[in-house]
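# Per-entry structural report
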Amino acid sequence: MNDLLTIKGTVFWAFLDTRNQMSGDYQVDIGQLSDAAVKALEGLGIEVKHKDQMGYFITCRSKNYPIVPIDSNGDTIEGIKVGNGSKCVAVLGTYEWEFKKKKGVSPSLKKLKITDLVKYEAEDSIEVDEDEAL
């Protein structure tokens, strides 16, 4: 399948340059998809999922290569972690797979443009005050 589709969405759980511990892949969820995007994705055979905070979403994975985001100028975003809530435009292809007697079609992320960056900030360590402990 060689059809390319361009969608707008919101980034969630971006493991762009480090592997997700659960899947072992580089991956990103693209959520808050429009009805038109959902219809187009499903038309390509891609399963679109739904969760309250994320709305309709897809997960894009890469087994071997980090996902390299770009900014609106086309420049690579380096040294900054892309956080939940970042707005994006993604160019997707598809690939067919078969695993343990199951078949499907998954999105193949060709380009990820971050149009409104929310920087990921690790939560500060929690202070422990021994005097206030119960």
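Residues numbered from 1 in each chain as written. Predicted model: local features only at pLDDT ≥ 70, side-chain atom pairs only at ≥ 80, totals over all residues. Heavy atoms only, no water.

## A look at unusual backbone geometry
What you tend to see is this: most non-glycine residues have negative phi, and most peptide bonds are trans. Put simply, the rule is: Where helices and strands are cited, they refer to DSSP runs of H or I of at least four residues and of E of at least two residues respectively, numbered from the N terminus. Burial classes: relative accessible area under 20% of the type maximum marks a residue as buried, over 50% as exposed, and values in between as partly exposed (1.4 Å probe, protein chains only).
Residue Gln32 is not a glycine yet carries a positive backbone phi of 55°. Of note, Gln32 is situated in the loop between β2 (26–31) and α1 (35–43). When its relative accessible area of 41% is taken as the criterion, Gln32 is described as partly exposed. The residue Lys101 is not glycine, and still its phi comes out positive at about 65°.

## A short note on the pairing of strand β4 (residues 55–62)
Going by this rule: Pairing between strands requires that DSSP locate at least two bridges from one strand to the other.
In terms of strand pairing, β2 meets β4 through 5 bridges, oriented antiparallel. Directly across from Tyr26, in β4, lies its bridge partner Ser62. Pairing geometry for strand β3 (residues 49–51) and β4, over 3 bridges, is antiparallel. Note on β4: the bridge partner recorded for His50 is Tyr56.

## Points about α1
To keep it simple, the criterion reads: Throughout, the arc means the angular range of directions from the helix axis out to the C-beta atoms. Pairs of residues are marked as contacts when any of their non-hydrogen atoms sit within 4.5 Å.
Listed in full, the buried residues belonging to α1 are Ala37, Val38 and Leu41. Along α1, the residues classed as buried sweep out an arc of 100° about the axis, all on the same side. Pointing more than 90 degrees away from the buried face of α1 are the exposed residues Asp35, Ala36, Lys39 and Gly43. Turning to α1, the residues buried within the fold contact β1 (5–15), β4 and β5 (87–99). Just beyond α1, the residue with positive phi is Gly45, at close to 95°.

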